[in-house]
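# A look at the structure
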Amino acid sequence: MNTELARFNMIEQQIRPWEVLDPGVLSLLSSVRREDFVPGNHRAMAFVDTTVPIGGGQCMLEPKVEARLLQELQLKRHEKVLEIGAGSGFMAALLAHRAMQVYTLECRPALAALARENLRMAGIVNAIVVETTAALGALGLPAEGPFDAIVLSGSVAAVPRALLEQLKPGGRLVAIVGHAPVMRACLYTRAGDSAWAESELFDTVAPRLEGFAEPPRFQF
């Protein structure tokens, strides 16, 4: 396989058509080696428009979904970010290139170890993998908060208020919300002490994050 051609085609044929036009995001996707975060037995799927199994019943999101979520966060270099669902560490690597500090939570020990090693091999020094339980992961990381941005690398029925409250004023959270087959990526922005704005970004479907309850959707 011509890896660089496959990477180019992924960006031009999958990611750009999904309205990912931020030059910084596109440049990052050209330089961060996605294939290094894919298990060896699935390496041929690194640039395919599909989820990629990473073990333990978990998977990486489609490249276009990862790219769009990253773009929507509009990260700045001085910001602190929380990710829930480290997986193989790829999204954490992307976030780390755009932000000052990244904390990424993972409830599966094998995946936490995989993410740490992948980030180390990629030379990422500003992303910390925090191993936790699924239930505690759904509560975020209040000891390190508040955060400028939070990303949920998987779907939830509803975004817990505990996570929304860990945003700084003006902070953003992106998540894929709903029930299959109808899910939407949503952006939440903290507008005040107890006020958040919500906007729907795009329709998609993603595997569930573990540990999140299935309550009624939080109403603003």
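## What about the environment of glycine 171?
One can find glycine 171 in strand β7 (residues 167-179). Counting along the chain gives 18 residues from glycine 171 to threonine 189, while the straight-line C-alpha distance between them is 5.6 Å. The residues touching glycine 171, leaving out its near neighbours within four places in the chain, are Phe147, Asp148, Tyr188, Thr189 and Arg190.

## Quick look at the packing of helix α2 (residues 23-31) against helix α4 (residues 90-98)
Orientation of α2 relative to α4, taken along the N-to-C sense of each, is 130°, at an axis distance of 11 Å. One finds that α2 runs oblique with respect to α4. When the axes of α2 and α4 are compared, the crossing they make is right-handed. Each of Gly24, Val25, Leu28 and Leu29 in α2 lies in contact with α4, whose residues at this interface are Leu94, His97 and Arg98.

## As for the nonpolar core
Residues Ile15, Leu69, Leu75, Leu94, Leu95 and Leu119 are the most contacted members of the largest nonpolar core, which totals 52 residues. Setting aside residues up to four positions removed in sequence, leucine 94 forms contacts with Leu28, Leu29, Val32 and Leu70. Core analysis: the second largest hydrophobic core is formed by 22 residues, Leu152, Leu163, Leu164 and Val177 among them.

## Side note on the pairing of β7
With six bridges connecting them, strand β6 (residues 147-156) and β7 associate as parallel partners. Among the inter-strand pairings, isoleucine 150 is bridged to a residue of β7, identified as leucine 173. Taken together, the eight bridges between β7 and strand β8 (residues 182-192) define a ladder with antiparallel strand orientation. What sits directly across from glycine 178, in β8, is methionine 183. Here β7 folds back onto β8, and the loop between the two strands holds two residues.

## Focus: the state of the cysteines
If you walk through the whole model with that rule in mind, you get zero disulfides. Cysteine 59 forms no disulfide, and the closest cysteine sulfur to it belongs to cysteine 107, at a distance of 13 Å. A residue is classified by how much of its surface remains accessible, and cysteine 59, at 23% relative accessible area, is partly exposed. With no disulfide of its own, cysteine 186 lies 19 Å from the sulfur of cysteine 59, the closest cysteine sulfur.

## Focus on helix α3 (residues 63-73)
α3 sits mainly inside the fold: 11 of its 11 residues count as buried. By the burial criterion, the buried members of α3 are Pro63, Lys64, Val65, Glu66, Ala67, Arg68, Leu69, Leu70, Gln71, Glu72 and Leu73.

## Observations concerning the side chain of glutamate 106
Mapped onto the elements, glutamate 106 comes out in strand β4 (residues 101-106). Buried and unpaired, glutamate 106 has no salt bridge, with arginine 108 as the nearest side chain of opposite charge at 5.1 Å. Here the side chain of glutamate 106 touches alanine 86 through a polar contact of 3.2 Å, landing on its backbone nitrogen. Setting aside residues up to four positions removed in sequence, glutamate 106 forms contacts with Gly85, Ala86, Gly87, Leu111, Ala112, Val130, Glu131 and Thr132.

Conventions adopted
Residues numbered from 1 in each chain as written. Predicted model: local features only at pLDDT ≥ 70, side-chain atom pairs only at ≥ 80, totals over all residues. Heavy atoms only, no water. Helix = DSSP H or I, 4+ residues; strand = E, 2+ residues; numbered from the N terminus. Contact = heavy atoms within 4.5 Å. Axes fitted to C-alpha atoms, helices over the stretch in contact; angles between N-to-C directions. Parallel < 35°, antiparallel > 145°, perpendicular 65-115°, else oblique. Left-handed = near helix turned anticlockwise from the far one by under 90°. Core = buried A, V, L, I, M, F, W, Y, C linked by side-chain atoms within 4.5 Å. Buried < 20%, exposed > 50% of the residue type's maximum accessible area, 1.4 Å probe, protein only. Pairing = 2+ DSSP bridges. Disulfide = S-S within 2.5 Å. Lys, Arg positive; Asp, Glu negative; His and termini not counted. Salt bridge = Lys/Arg side-chain N within 4 Å of Asp/Glu carboxyl O. Polar contact = N/O pair within 3.5 Å; in protein donor to acceptor, adjacent residues only side chain to side chain.

Note that all results are geometric; they support no functional claim without further evidence.
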